[in-house]
Amino acid sequence: MNIERFSLDQLRVFAQVVDSGSFLGAARALARAQSAVSYAIGALESQLNVPLFDRSGYRPQLTEAGGALLRDARQVLDQVDSLQVRANAFANGQELEVTLAVDVFFPTSCLVDLLRRFRDAFPAVTVRLEMEALGAVAERVIDGRAMLAILGTLPTTPPNLLRMSLPTILLVGVVAPDHPLAAIEGRIPDQLLAQQTQLVLSDRSELTARQDYSVHSRLTWRMSDLSTKHALLLAGMGWGYMPEHLVRDDLRSGKLVRVSTSQHPPTGMALPIQCVYRPDQRAGPALGWWLDALTALTTLDGEMNTLPQS
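Residues numbered from 1 in each chain as written. Predicted model: local features only at pLDDT ≥ 70, side-chain atom pairs only at ≥ 80, totals over all residues. Heavy atoms only, no water.

Engineer: Explain a nonpolar patch on the surface to me, using residue names and the numbers behind them.
Structural biologist: Where nonpolar side chains cluster on the molecular surface, the patch consists of Val127, Leu129 and Met131 and spans about 210 Å² of accessible area. By secondary structure assignment, the location of methionine 131 is in strand 4 (residues 126-132). (Patch = residues over 30% accessible without salt bridge, like charges linked within 9 Å, V, L, I, M, F, W, Y side chains within 5 Å. Areas by Shrake-Rupley, 256 points an atom, 1.4 Å probe, with all protein chains shown as cover. Salt bridge = Lys/Arg side-chain N within 4 Å of Asp/Glu carboxyl O. Helix = DSSP H or I, 4+ residues; strand = E, 2+ residues; numbered from the N terminus.)

Structure below.
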């Protein structure tokens, strides 16, 4: 068996016979003579050295081997079709892949909505997401690993990046209801905060390494992901700041309570969110969609605005 002798046309004829239910139906669908369809199937069976159809009945029926190989044939055809679509898009100036660095504070519901709309507008473009915090988000754009970044936990924007302001999110101080800080009313003095373990996101970049933001305690536990911080807060292992949209249900159910610090009132603090990219970054249609969609946002919470199509 020489697999290099296979042709995509033979595989398409094979799939069409199955879809049409007969050689005659496939011939009509492909606008070919029935003899041409029969020849293509016969040649494919000869090259595979297995019968694909049982022709003993009124209509051809897939053999066991034919059913198994049909799945492989469809997979090959899908991949080839995808290759052609992506190649055509690239030839027309469209990116094959968009890499985004997104801050862990950015609301997941908003991100999912954006990704769903982007998929509908650019089905042939691959998306690569890198979820990071603090300087690691901007660092992905600076070193060229990401085309665009959404910053949240980084309070300053590197001067060598272009930026667009996005709607803010609310940052709140929270603690488990059985934690000692939960019993303190009003703003908690810094000396008391310094005595309790504060849960803090760690920075995995060199851009802002060893720089602390809104850290009040000399006792800190540091972690690189927000879900672990959330779990430790619920377990009463410390106190910390969290995006309000992530702990809203916990606050309503009483699993967490708000705390007020010298820098953050119990109602929360508006945290600026920004989109950044390099000045030399070429914005093709796909990346341009992201810039337009992010600019059009009026909120990062709740009902999303209608975003631009391709």
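So much for the structure itself; the text now carries on.
Engineer: Residue-level account of the environment of glutamate 185, with values.
Structural biologist: Within the fold, glutamate 185 resides in the loop between strand 6 (162-175) and helix 7 (190-193). Along the primary structure glutamate 185 and serine 260 are separated by 75 residues, whereas in three dimensions their C-alpha atoms are 8.3 Å apart.

Engineer: Tell me about helix 5 (residues 108-121), residues and numbers included.
Structural biologist: In a regular helix each residue adds 1.5 Å, so 14 residues correspond to 20 Å; helix 5 covers 20 Å between its end C-alpha atoms and thus fits that length. Cys110, Leu111, Asp113, Leu114, Phe118 and Ala121 are the residues of helix 5 that are buried. End-on view of helix 5: buried residues confined to an arc of 160 degrees, all on one side of the axis. Counted as exposed and oriented over 90 degrees from the buried face of helix 5: Thr108, Ser109, Arg119 and Asp120. The elements touched by buried residues of helix 5 are strand 3 (97-103), strand 4 and helix 10 (285-296). (Expected span 1.5 Å × (residues − 1). Buried < 20%, exposed > 50% of the residue type's maximum accessible area, 1.4 Å probe, protein only. Arc of directions from axis to C-beta. Contact = heavy atoms within 4.5 Å.)

Engineer: Now, about the nonpolar core: what can you tell me, with residues and values included?
Structural biologist: Among the nonpolar cores identified, the biggest contains 52 residues, and Phe106, Leu114 and Leu148 are the most heavily contacted of them. If we ignore the near neighbours within four places in the chain, the residues touching phenylalanine 106 are Leu111, Leu114, Ile150, His245, Ile273 and Leu300. In this structure, Val17, Ala26, Leu44 and Ala73 belong to the second largest nonpolar core, which totals 18 residues. (Core = buried A, V, L, I, M, F, W, Y, C linked by side-chain atoms within 4.5 Å.)

Engineer: Outline the packing of aromatic side chains, supporting the account with residue identities and numerical values.
Structural biologist: Per the counting criterion, the structure on display carries 7 aromatic pairs. Measuring from centroid to centroid gives 5.8 Å for phenylalanine 23 and phenylalanine 53, while their planes differ by 80 degrees, and the two rings are edge-to-face. Note that phenylalanine 23 is positioned in helix 2 (residues 23-30) and phenylalanine 53 in strand 1 (residues 53-54), a separation of 30 residues in sequence. A single burial state applies to phenylalanine 23 and to phenylalanine 53, both of which are buried. Judged by centre distance (5.4 Å) and plane angle (80 degrees), the ring pair of tryptophan 289 and tryptophan 290 falls under edge-to-face. Assessed through its relative accessible area of 3%, tryptophan 289 is described here as buried. (Phe/Tyr/Trp six-rings, centres within 6.5 Å; stacked < 30°, edge-to-face > 60°.)

Engineer: Got a sec to walk through unusual backbone geometry? Specific residues and values, please.
Structural biologist: With a phi angle near 55 degrees, alanine 31 is a residue other than glycine that sits in the positive phi range. Mapped onto the fold, alanine 31 is located in the loop between helix 2 and helix 3 (34-48). In this structure, asparagine 49 is a non-glycine residue whose phi angle is positive, near 65 degrees. Mapped onto the elements, asparagine 49 comes out in the loop between helix 3 and strand 1. By relative accessible area, asparagine 49 is classed as exposed at 66%.

Engineer: A description of the pairing of strand 11 (residues 269-277) should follow, citing residues and the corresponding values.
Structural biologist: Taken together, the 3 bridges between strand 5 (residues 148-151) and strand 11 define a ladder with antiparallel strand orientation. In the sheet register, alanine 149 faces strand 11, and the bridge partner there is valine 276. Of the pairings in the sheet, the one linking strand 6 to strand 11 comprises 8 bridges and is antiparallel in character. Bridging across to strand 11, isoleucine 169 finds its partner in leucine 271. (Pairing = 2+ DSSP bridges.)

Engineer: Account for the pattern of salt bridges, with residues named and values stated.
Structural biologist: For the structure on display, the rule yields 12 salt bridges. Arginine 252 is the salt-bridge partner of aspartate 249, the closest N and O atoms lying 3.8 Å from each other. You can see aspartate 249 and its partner arginine 252 sitting in helix 9 (residues 244-253), 3 residues apart, about one turn around the helix. With a relative accessible area of 55%, aspartate 249 lands in the exposed category.

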